[in-house]
Each structure stands twice: as structure tokens, then as C-alpha cells.
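# Commentary on secondary and tertiary structure
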Amino acid sequence: MNWQTLIFGNLSWSVLPENAIAWFGALTVIAGVLAVVGVVTYLGRWQWLWDEWFTSLDPKKIGVMYIVVALVMLVRGGSDALLMRAQQATSVGDSYGILTSTHFQEIFSAHGSIMIFFLAMGFMFGLINLIVPLQIGSRDVAFPFLNSLSFWLFFAGAALINCSLIFGDFSTAGWLAYPPLSELRYSPTSGVDYWIWSLQIGGLGSLLSGVNFFATIVKMRTKGMNWMRLPMFSWTVLGSMTLVIFAFPILTVTLALLYLDRTAGMHFFTAELGGNMMMYVNLIWAWGHPEVYILILPAFGVFSEVVPVFSGKKLAGYTSMVFSVWAIVVLSFIVWLHHFFTMGAGADVNAFFGIMTAVIAVPTGVKIFNWLFTMYRGRIRFESPMLWFMGFVVLFTLGGVAGVVMAEPPADYQLHNSLFLVAHFHTMIVSGVLFGYFAGLTFWFPKIFGFKMNEKWGIRAFWFWLIGFILAFGPLYLLGFEGATRRLDHYSSSLGWQPLFIVAGIGAISIAIGFSCQVAQLVATFRDYKRNRVGNDPWDGRTLEWSVASPAPSYNFAALPIVHSRDEFWEEKHGASTQEQKFEDFSMPKNTGAAVIVSSFVFLLGFGAVWHIWWLVIAALLGATIAVLVHVFNEDSEYAVSGAQLAHREAGLQYPTSL
Amino acid sequence: MRRSTIVLLSIFVLALAAATFLYVRSATIAVLDPAGPVALAEKNIIITATFLCALVVVPVFFLLFFFAWKYRADSPQAQQSHKPDWDHDSILAEVIWWLVPAVIIAILGVIAWNSSHALDPYRPLESDVATIPIDVVALDWKWLFIYPQQGIASVNLVEFPAGTPVHFYLTADAPMNTFWIPQLAGQVMVMPGMTTQLNLAASKTGDFNGFSGNISGKGFSGMAFTARAVDQQTFNTWIASIKASSTPLTQEAYIMLAAPSEYNPVAYYDLAEPNLFGAIESTYMNPGSAMPQVSQGMTVTP
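In this text the structure is predicted, and so the values were computed from the model without any measurement.

Along chain A, the regular secondary structure elements total 21 helices and two strands. Taken over C-alpha atoms, the radius of gyration comes to 25 Å for chain A, in line with the 26 Å a tight globule of 659 residues would show. C-alpha atoms of chain A, sized along the principal axes, occupy 70 × 60 × 50 Å. For chain A, contacts bridging at least 24 residues in sequence account for 83% of all contacts bridging at least 6. Total accessible area on chain A stands at roughly 22,600 Å², and carbon and sulfur atoms take up 69% of it.

Take a look at the structure:
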């Protein structure tokens, strides 16, 4: 080992991008970072960012940071999607499109990994942070520092995955990196290691968050909020966090084993020397299938809040809803094999998992009936959260049909890994998860900022997303039936697929316009914030979060509310319940930069592990450990808040409601 | 929701339906146009499952739009009929909500059980005609077909008589792939160190497209092949001509062939190494065995 390897590991000048498009990606990242740094420096806002945001332990602020990062990742993943659509629309017959096959494979691998881990997971934890403590009548989460650490680990993972745009390449093995393709023999560069370590770090953040919010919902519900009075969003989050706690350790172990295969010459999953690649496929889906429900359950929760509020009615079938959430939690762990019916496992095994997969459609179908009958005899206001719901029901139901069809193993033989499958899971993740989160963001935005989002741009965004989605993924369903498999960078012109790929490309452009509308929406929202200012209850809400001022104070509740019924705030507004405000002294956690420091070390650890810079790995591990210990022994981590003082302030803080 | 929006939306949906209908009628949709008993049975399951699901989907769509229209805030009816406390938390309603999807899923479950057994890819097809075994090896990035009984091999084209059951044994000397001929049968995974099986038959002659469904590296998009069903006479002539005029597939020739290469043209070999398939399989299966070392990145044009 020479001194260069000792210091720089596998890093060298040759790891810089190879072609124009890759350079463009790298320069975009660099320019983006420089622009943000420049603007913040110009405005002199570093101190403010550090004091008010980076070191904040307020879940609402952490939630906002999660969503900001998630939306930036949506831009990254979306750019990847546009490049893929461009490639598949043009690379036919004698033309080989705009990307090399390797670059195309890096792009789809990055697209999937980023969209799931850094868009969807980030957006989900963002919404959970924003609203769960408020909804259960709590001032904070169970472990405030851990919450901050979760976010910063998530950020470190997101940063690491984007480093691959500048230094080295990314995995070409798809978003789940099946061996043996992801093993050293077939993927000798550091690309798969980037994938492993960014997911490992982001996944650690997710696991910690899962523990945190599980404990928060179980232990920190306010007085009187028994289980059957828990708002539905919090129920779904509890289900989702339960899945996180059980599923993410599997991912952690699987990634660790793959890294050992690649780095320490192990043979857990290799083709040769006794390794078993199907063990990896089983393990990754034992995490991967629950992951889908981790994402979708909170989206169901959002709709279970949005539909009653915008229908002016109680949620129909609350009990059914609760049971269906837990049915999904349990069932989601016994369906993983449907991702590889084609393995040749035998008829009994396939039939069992096929039936289980179909069964999971029952609780999901029940939920749809619940929402529909919540609308029945309601007074429905079609503001944008409700529009997202309408789009969701239509697309999600159709996508669900595709799922039930594929639950029949012999049908799956024909549809497995075809574009039909790709269209199916995008329907579930985009129209289910993402539409739900968009609805949730619009719905809860005023509670966090004190003003509503611009509705005009919100509605435009919805239509472009909806139409774009149909145009982008409708053709993929058909292409799957025509035999088009996923991840093709080129196909023969005799197959006649090109027209459908072009339509799909047009759909992708429409989605991009939809997203641009959302950017315009944010700009307009913050520009006109004075005009859009609202009181504590802009939508005629039903649950506790609407009982406090908008924006919600850092301590959420000056006096902890006592819950007497399911829709406590609604009952109060209609005189069926009253709150006796009792102001007590309490303590709140002080801001701390420890999570930023720990996560910076963890980022360096990841970077070192990717490039085999072992001194950096050891130093970073040491740094992270010391930083954690320093924080743990810091006794001065809380400050006292006087109840009497708050009682005084509350009297002046009350805004009139807008309705 | 404004009336103009609804009109525009209706036009969009109708146009979409019309375009889809016209497209499906004019294009060849492989999965829906089966050319063999296995693909036909699989297609029927897809259609049956879709129609069963429609029993839930149609009412859901109807209720969604009906309620959305009837109970919209600006309709006079919604003001009168509004029942803010109606939550239907009654046992009967909940039982119905659970029961309707549950019954449909129960039917689908029975179909899943029966069809998984009937259409188990490992299950030989019943026929009076003797089955032809064909060994398949996924390579970087082409398909090698070995005919153990006929003593020939081919690359990226597999030919067999129509009406004759074919029993494929599949392994890989490359990362994982799937083997798929949509008009004849669904996929099965193809993995190094393991052998999977697939049974199918063509009920008519013709060329059918074959694909791989699992990313296997740089040249993955070129993992397409042709499955050609011909009459028995043509098949016999084809075998004879290959035996007469092709290069022998020896161990050395195989190593050359197995080296990574992209978009390979069809090629034929006379099988000189009868146990080639078993040898490929066992190089991965025996722990500690040395593998035929083929330098990565080397490109060979067969």
C-alpha cells in the first residue's frame, strides 16, 4: 500500500465525471451549494440559521427542514426521471439516445433510491414532526435531541448520495442493488458503496425517528386521549413507526453484509463460494415491502384528517379504520415474496404469498369506503387538499387493481419487472404517498407558518400533476403488456414502442410543470404572506392542533388540553366540550448543535467507507462518539417556562378565527 | 368545482379512453395475444382478476363522483342534508365494508391457489408429443441455448416445433436475469449457481420476442432474443444444417463466448462438450472451485 492509497484511499483525479451530462450534474450541485452559501452570506443569515433552525429541537422546525430537503431531493430525482424519459423516447433502432447505458443505469438507480429514501421518507418525517405532537396534545417529542439527530443523519445521507455526482460514479444495480450484480465482481467501482452508505446513514436516521415517534405517541398523549380518541393521522403514524422499528434493522444488516461482501471478501450473497443471492433478495424485501406501507400509512392518515374537515363531518367508521391500519401493519410483513414469485419457489409458497397479498387489499379497500362515506351527507369544500384526495382515490384504486392482479402468481409471471409493474408502484407511491403528502402540507402549512398556501397555484399544480401522471404512466401499463421490461436504455424499432414512450415523456414534462407550479406556489405564498394570514383554525378543523395559535408556539400548548372526545376541538367549537385552562410550569429542551456535529462526523465516516480511506473512518467514528458523549454529559439541556407568565401572554396571543 | 372544469375533464377522459381503445386495437399487445397454452391461461387470470376487481372499483368511482357532486358545499342540497355527526359507526355498516372486498378477495385467493399449482412453471405440460428439453444460459449479455438431445447450441435465437412441449432448464454465467417470452409464458429468474425451470409450448408457428426483465449490467438492453416456433420438418432441417456447418462449442469456444459482449447477432454451434451446462452450473455450486476466468470488459464478437 503506497502513501497515496493510505491518505486518499481509492480517490484519484479519474473519479471526476466522464461526460458532458455528468459534468452538468456535478456543476449543478456545486453551483446550487455555492448559490445557497452565497445568498445566506450576502443576507448575513448564518447566525440566524444556526440559532433558529440548525440547532433547533422544535419538531415543527425540524419538520420544515425535512420537507425542504425532501423537495430539493424531489428536484434531483425528478431530473433523473426526465433524463430517463428522454432516453427511452429517443433510444430506438439506430439511435442510442442521449445517455450511455452505464449512465442511464446510474440514473435510474439514483432516481429510485433518492425518491424513496430522501424524498418520500423525508417528506413523511417532515409531516410527522410538524403535526404529531400538536395532534396528541404534547409539547414535544419523547426524545428531542434524538429527533434532531435523525434529521441530520438523514441530511448526511442525502448529502452523501449527491456526492456521487461529483466524485466517482453511482451504483448501476438498480434501487435495491440485487447481487451478484452489486457484488465486487460485476460492480468494481465505488458506486454501490455510495448506495450502501447513503442508505445506511439515512436509514439509521429513520430508525431513530421511528423509535422516537413510537414512544411519543404511546407515552405523550395528553390527559384524556385514550386510544380510541387518538386522531387518525397519529394512528397511522403509530402503525408506520411500528413498521419502521421492525423493518429498518433488516435493511441495516442487509446493507452491512453486502458491504462486507464487497470490502472484506465475504461471500454472503455472491454467486460463487457458497453465497446465496436469493437470501439478499428475501432480506431486502422483508424490509422493502413494509417500507411501502411505512410510506403509505401516514398518507392514509392525512386523507383521514382532510376528508372529514373538508366534508364538515365526522370520519365514518373510525373503528374500522383503526383495525384496518393494524391489519395492514401485520400483513405487510408476510407478503414480501410477491416481489419475486418468478424465483421458482414452488406452487405452495407462491400461492401462500399471493393470497396474503390479495388479503392486504381488504383493509385498504375498507379505508376507501370509510372516506367515501365520510363525504356522504357532508358539505364538501373542494380546496386543494380535497382535490389531491379525489385524484388519489381514482388513481390509487386503479393502481390497487393492478396490484391485486399481480398478486395472482401466474399473472405476475407475465407482469414481473415489466413496465406494468413500474407503472403500478409509481401509481401507489405518487398518487398514494406523494398526493397524500402534498395534501397534508397544504392542510397543515398555516398551522406552522400562520398563513395559507397560495390556492390558485396549488390547484394548477394539482391538474398538471394529475394529467401528467396519467400521460406518463398510462403508456407504461400498456408497454408492460407489450413485453417492455424495466430499465431498458435501448430497444428495437420493430417493437413499435416508441410512440408510447413519447407520450410518457410528455406526461413527465407535464409533471415537471406541475412541480414548477408548486415552486411558484411557494413563492407566491411567501410573497403575499400578509394577505394570506389566518387565525388558529383556517379550515374549520376538528383536532387539537387547530386549537392553538397559528403559527403554533414553540411549546405548542401553554396549558395542556384535556381531551373528552374523539374530535375534541370540533366538540369545543360546538359547545359539547369545554377546556379548563390550567397553566403550569414546565421545561423545554435547549437548542443544541450536537446533532449537526455528530452527523458531520457520520457523513465523513460514510465518505471514508465509500473510498476506503480508513484513517478517516476511524477518526470520524471517534469524533462522532466523542460528540455524542459530550452531549450526553451536558446537564444544562433544558430551560424552565413559567406557567403564570404564559397565562398572561396567552391572553394577548389569541387570534380571532377566520371562519 | 366549476362546471367548465368538469366538462374539460370529461373530454380528457373520453379522449384518453378513445385513444387507448384505438391503440389497443391496432397494436400487438403481446401478453394479451398469447400463442401458447401457458400464456393463454395466464392472460385469462389477468382478465378474470381485473373483472373481479371491477366489482369494487366501479361502485367506488360511482360513489366518489356522485357524493362529490351531490354534497358539494355550494349545492343547495348539501345545506339541507348535512349531517355533521353521521359517522355510521354501526356494526352492520362496518361488516358490509369489510365483507364486500373480503368476498372478492376470497374468490381471488382460491384462484391464486389453484392457478399457482396448475401453472407452476416447473410442471411439465401434458401432451402426446415428447417434450424437448432445452438448456438456457444467460451470459453477459446474450442468451445461449443448448439442445442436449440434438447436440447443437444457438445464441439469441431459440427454435422449437410448434405443438411440442418445451422444458427449459435455466442458469446463468452472469448476474441475475429473467427469461420471458410474453406470447408463450411468463418469466422465471435465471441465476448463477442455480437451475430454474420453465415449461411452455407454442400453439402456432411464428417468431416471438423474448426479453430479460432483470438488470444484469451494461449490455442488459441487448438481452433480447427470438423464440421461433416452426413445424417439425423445418425444425429437423434446422438442426441438421447447424450440425453440418457450425463451429464446435468447446470449452475454449465457450469461454470466448461468455466474455462480455453487447448486441450479439444470432450464432449457431455444434455442441462439442455434452456436459457444458452442468459444468457451468457447478462452477458456482462447488465452494472453492476455480472459475473459468474471463477478463472483465473484454469484448469478443462471436
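Let us now look at the domain arrangement of chain B. We note that the domain assignment places domain 1 (1-32), domain 2 (38-75 + 89-119) and domain 3 (132-285) within chain B. A separation of 40 Å is found between the C-alpha centroids of domain 1 of chain B and domain 3 of chain B.

Pairs of packed helices are described in terms of their axes, by the angle between the two and the distance that separates them. Residues and elements named next belong to chain A. Between helix H5 (residues 101-135) and helix H9 (residues 277-311), the shortest axis-to-axis distance is 11 Å and the interhelical angle comes to 45°. The pairing of H5 with H9 is recorded here as oblique in orientation. Considering only the axes of H5 and H9, their crossing is left-handed. Taken together, the residues of H9 that come into contact with H5 (itself represented by Ile116, Phe117, Ala120, Met121, Met124, Leu127 and Gln135) are Trp287, Glu291, Ile294, Leu295, Pro298, Val302 and Glu305. Tallied by class, the residues present in the contact of H5 with H9 amount to eleven nonpolar, one polar and two charged.

Our next topic: the sheet that holds strand E4 (residues 157-161) of chain B. Residue and element names in this part refer to chain B. Within the open sheet, the three strands sit side by side as E4-E10-E9. Their pairing is mixed. Because the sheet does not close on itself, it has two edges, and the strands there are E4 and strand E9 (206-210). Each neighbouring strand pair of the sheet contributes to a mean axis angle of 20°, computed without reference to strand direction. Bridging between E9 and strand E10 (residues 225-230) involves five bridges; their strand directions are antiparallel. The partner of glycine 210 across the bridge, within E10, is phenylalanine 225. The sheet contacts of helix H5 (residues 232-245) involve E4 and E10, and relative to E4 the element is tilted by about 135°.

A word on the packing of aromatic side chains. All names here are of chain A. Applying the stated criterion across every chain yields a total of 86 aromatic pairs over all chains. Taken together, a centroid distance of 4.8 Å and an interplanar angle of 50° make the contact between phenylalanine 233 and tryptophan 444 tilted. Of this pair, phenylalanine 233 sits in helix H8 (residues 232-264) while tryptophan 444 sits in helix H15 (residues 419-449), and the two are 211 residues apart along the sequence. This pair shows no difference in class: phenylalanine 233 is buried, exactly as tryptophan 444 is. Between phenylalanine 300 and phenylalanine 392, the ring centres sit 6.4 Å apart and the planes meet at 65°, which makes this aromatic pair edge-to-face. With a gap of 92 residues between them, phenylalanine 300 in helix H9 and phenylalanine 392 in helix H13 (residues 384-407) connect regions that are remote in the sequence.

Looking now at the packing of helix H11 (residues 347-359) of chain A against helix H12 (residues 361-375) of chain A. Residue and element names in this part refer to chain A. Packing of H11 against H12 brings their axes to within 5 Å, and their N-to-C directions diverge by 10°. In terms of axis orientation, H11 runs roughly parallel to H12. Mapping the contact onto sequence places Thr357, Ala358 and Val359 in H11 and Ala361, Val362 and Pro363 in H12. In terms of residue class, the contact of H11 with H12 is built from five nonpolar, one polar and no charged.

Among the structural elements, serine 116 of chain B can be located in helix H4 (residues 91-118). Given a relative accessible area of 0%, serine 116 of chain B falls into the buried group. One polar contact links the side chain of serine 116 of chain B to the main-chain carbonyl oxygen of alanine 112 of chain B, over a distance of 2.7 Å. Leave out the neighbours within four places in its chain, and serine 116 of chain B touches Ala347, Asn350, Ala351, Pro409 and Pro410 of chain A together with Ile111 of chain B.

With that settled, consider the nonpolar core. Grouped together as the largest cluster of nonpolar side chains are 294 residues, with contacts concentrated most on Phe123, Met375 and Phe389 of chain A together with Phe160, Phe168 and Phe179 of chain B. Ranked by residue count, the leading element in this core is H5 of chain A, at 21 residues. Residue contacts for phenylalanine 389 of chain A: discarding those within four places in its chain leaves Phe303, Val307, Trp371 and Met375 of chain A together with Leu64 of chain B. In this structure, Leu139, Ala153, Leu276 and Phe277 of chain B belong to the second largest nonpolar core, which totals 16 residues.

Another aspect to go through is H4 of chain B. Taking 1.5 Å as the rise per residue, H4 of chain B with 28 residues should run 40 Å; its terminal C-alpha atoms sit 40 Å apart, in good agreement. What H4 of chain B keeps buried is the set Ala93, Glu94, Trp97, Pro101, Ile104, Ile105, Leu108, Gly109, Ala112, Ser115 and Ser116 of chain B.

What counts and what doesn't
- Residues numbered from 1 in each chain as written.
- Chains lettered and ligands numbered in written order.
- Predicted model: local features only at pLDDT ≥ 70, side-chain atom pairs only at ≥ 80, totals over all residues.
- Heavy atoms only, no water.
- Helix = DSSP H or I, 4+ residues; strand = E, 2+ residues; numbered from the N terminus.
- Rg over C-alpha atoms; globule rule 2.2 N^0.38 Å.
- Contact = heavy atoms within 4.5 Å.
- Areas by Shrake-Rupley, 256 points an atom, 1.4 Å probe, with all protein chains shown as cover.
- Domains from an automatic or database assignment.
- Axes fitted to C-alpha atoms, helices over the stretch in contact; angles between N-to-C directions.
- Parallel < 35°, antiparallel > 145°, perpendicular 65-115°, else oblique.
- Left-handed = near helix turned anticlockwise from the far one by under 90°.
- Nonpolar A, V, L, I, M, F, W, Y, C, P; charged D, E, K, R; others polar.
- Pairing = 2+ DSSP bridges.
- Phe/Tyr/Trp six-rings, centres within 6.5 Å; stacked < 30°, edge-to-face > 60°.
- Buried < 20%, exposed > 50% of the residue type's maximum accessible area, 1.4 Å probe, protein only.
- Polar contact = N/O pair within 3.5 Å; in protein donor to acceptor, adjacent residues only side chain to side chain.
- Core = buried A, V, L, I, M, F, W, Y, C linked by side-chain atoms within 4.5 Å.
- Expected span 1.5 Å × (residues − 1).

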